[in-house]
Each structure stands twice: as structure tokens, then as C-alpha cells.
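A closer look at the structure
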Amino acid sequence: MFPFEFHLEGTPVSLQGRGSSKERWKGEVAAAAATRRDEVVEWAYLEPEPLALTIYYFPIAPMGGDVDNIIKPILDALIGIIYLDDKSIERVCVQKFEPAGGWQFLDPSEQLTAALDIVTASEVPTPVVYVHVTNDLSWRSIQ
């Protein structure tokens, strides 16, 4: 099942967000992840294994809040869909790519390319969140 990646349109809700908006956002993340899982995985058995997660956020304007506050609602939304418990997440990398940043990706995956297409090619700007989950723990080997 890994690596697993998906993207969705929308503005992430902060950990400090209101209850209803946070629950709605978690539902949107869960639905996008489940849809993508069903597209690419014929059968999956969730095991308690160590995982690493990457989140890229592409806002349409400079981000008002702190990027670290978007992590927990996304982690919680993936419980039971991608992993049994978010305790299995050993590493989280989160980054925002604001419009004026001048960033580029050298070898984007299919899902990241689709997310970038929404960000760069749409007539009406739409914020996008890209999520990548992997069981590749090669980062544990620090030189």
C-alpha cells in the first residue's frame, strides 16, 4: 500500500479551529484518502508499522496561520483508512508553498503533478493539500 499519496482541494483547518469546521475538514480529508485508496489498492490490511508522512500545502495567498497547526486534523482523519493509529507516525514533514515563493519540483509524482496542475493551471485559484505516507524509513540512518 505504501507509498500512498493523495491530494484534495481546500484550506486546511487549524488544530485550534472550531469544532464543526474541524470535523468537516477531517471528513473531507478522510473521504479523499479513502477514494484514492480504493482507486489504487485492491485489498489492504492495516498493520501497526512505523510510517512517515509529508504534507504540502499550496495556499492561494500568504498563509495567515502557522503551518504546524494543520498537521493534527490531517493525521486524525487518516486513522482507520491509511493506518490503525497516528501513534505509528514517526516523522512528519510539512511545508507551505505560497504563490510568490518561486518554488519548483524536479521530479513530481503523478499525484503531486495533479495537485500542482490545480494550483497553477486553474483559472480560479484553489488551495490544495498534498499528502504522502510511506513506510520507507531510510531517514532513520543519519550520517
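Our subject is the structure that appears above.
So, here's what we can say about the structure. (Residues numbered from 1 in each chain as written. Predicted model: local features only at pLDDT ≥ 70, side-chain atom pairs only at ≥ 80, totals over all residues. Heavy atoms only, no water.)

A short note on the overall build of the chain
Just so we agree on the cut-off: Note on conventions: DSSP H or I runs of at least 4 residues are helices, E runs of at least 2 residues are strands, and numbering of each starts at the N terminus. The atom set for the radius of gyration is the C-alpha atoms, and the globule formula is 2.2 Å times the number of residues raised to the power 0.38. The rule is simple: take the accessible area with a 1.4 Å probe, protein chains only, and divide by the maximum for that residue type; under 20% is buried, over 50% is exposed, in between is partly exposed. Residue contacts follow a heavy-atom distance rule, with two residues in contact if any of their heavy atoms lie within 4.5 Å. Using a 1.4 Å probe, accessible areas were evaluated by the Shrake-Rupley method; residue-level cover was limited to the displayed protein chains. Counted charges follow a simple rule, with Lys and Arg positive, Asp and Glu negative, and His plus the chain ends left uncounted. Where a charge lies is defined by one atom per residue type, namely NZ (Lys), CZ (Arg), CG (Asp) and CD (Glu).
Secondary structure summary: the chain contains 3 helices and 4 strands in total. Its C-alpha atoms give the chain a radius of gyration of 15 Å, near enough to 15 Å, the size a compact globule of 143 residues would have. Considering only C-alpha atoms, the chain reaches an extent of 40 × 40 × 35 Å along its principal axes. Expressed as a percentage of its 143 residues, the buried residues of the chain come to 42%. Nonlocal contacts in the chain, meaning residues at least 24 apart in sequence, comprise 80% of its contacts between residues at least 6 apart. Surface exposure of the chain reaches about 8200 Å², of which carbon and sulfur atoms provide 50%. Taken together, the 11 basic and 21 acidic charged side chains of the chain have centroids lying 8 Å from each other.

Points about helix H1 (residues 19-40)
Keep this limit in mind: Here, expected helix span is obtained from the residue count minus one, scaled by 1.5 Å.
Under the 1.5 Å per step criterion, the end-to-end length of H1 is 32 Å for 22 residues, consistent within 8% with the ideal 32 Å. Those residues of H1 that fall on the buried side of the exposure criterion are Ser21, Lys22, Trp25, Lys26, Val29, Ala30, Ala32, Ala33, Ala34, Arg36 and Arg37. Packing partners of the buried residues in H1 comprise strand S1 (4-9), helix H2 (71-77), helix H3 (110-121) and strand S4 (128-134).

Comments concerning the side chain of glutamine 111
With respect to the element layout, glutamine 111 can be found in helix H3. The residues contacting glutamine 111, other than those within four sequence positions of it, are Glu5, Phe6, His7, Arg36 and Tyr130.

Observations concerning the packing of aromatic side chains
Rules: Here the aromatic set is Phe, Tyr and Trp, taking the six-membered ring for Trp, and pairing holds for ring centres within 6.5 Å; pairs whose planes are under 30 degrees apart are stacked, those over 60 apart are edge-to-face, and all others are tilted.
Taken as a whole and judged by the stated rule, the model has 12 aromatic pairs. Summarising the aromatic geometry, the rings of phenylalanine 58 and tryptophan 103 are spaced 5.3 Å apart at their centres and angled 55° between planes, so their arrangement reads as tilted. With phenylalanine 58 in strand S2 (residues 51-58) and tryptophan 103 in the loop between strand S3 (89-96) and H3, this residue pair connects regions lying 45 residues apart in the sequence. Look at tryptophan 103 and you get partly exposed, because its relative accessible area is 25%. Relative to phenylalanine 105, the ring of tryptophan 103 has its centre 5.9 Å away and its plane inclined at 65°; by these criteria the two rings are edge-to-face. The rings of Tyr56, Phe58, Phe97, Trp103, Phe105 and Tyr130 are connected pair by pair, giving a single aromatic cluster.

Side note on the pattern of salt bridges
Rules: Here, a salt bridge means any Lys or Arg side-chain nitrogen found within 4 Å of an Asp or Glu carboxyl oxygen.
One pass over the full model with this rule turns up 8 salt bridges. One salt bridge in this structure joins arginine 24 and glutamate 28, with 3.2 Å as the shortest N-O distance. Taken as a pair, arginine 24 and glutamate 28 lie in helix H1 at a separation of 4 residues, close to a single helical turn. Residue aspartate 86 pairs with lysine 72 through a salt bridge whose shortest N-O separation is 2.6 Å. Of this pair, aspartate 86 sits in the loop between H2 and S3 while lysine 72 sits in helix H2, and the two are 14 residues apart along the sequence. Judged by its relative accessible area of 15%, aspartate 86 is buried. Residues participating in the shared-partner salt-bridge network are Lys72, Asp76 and Asp86.

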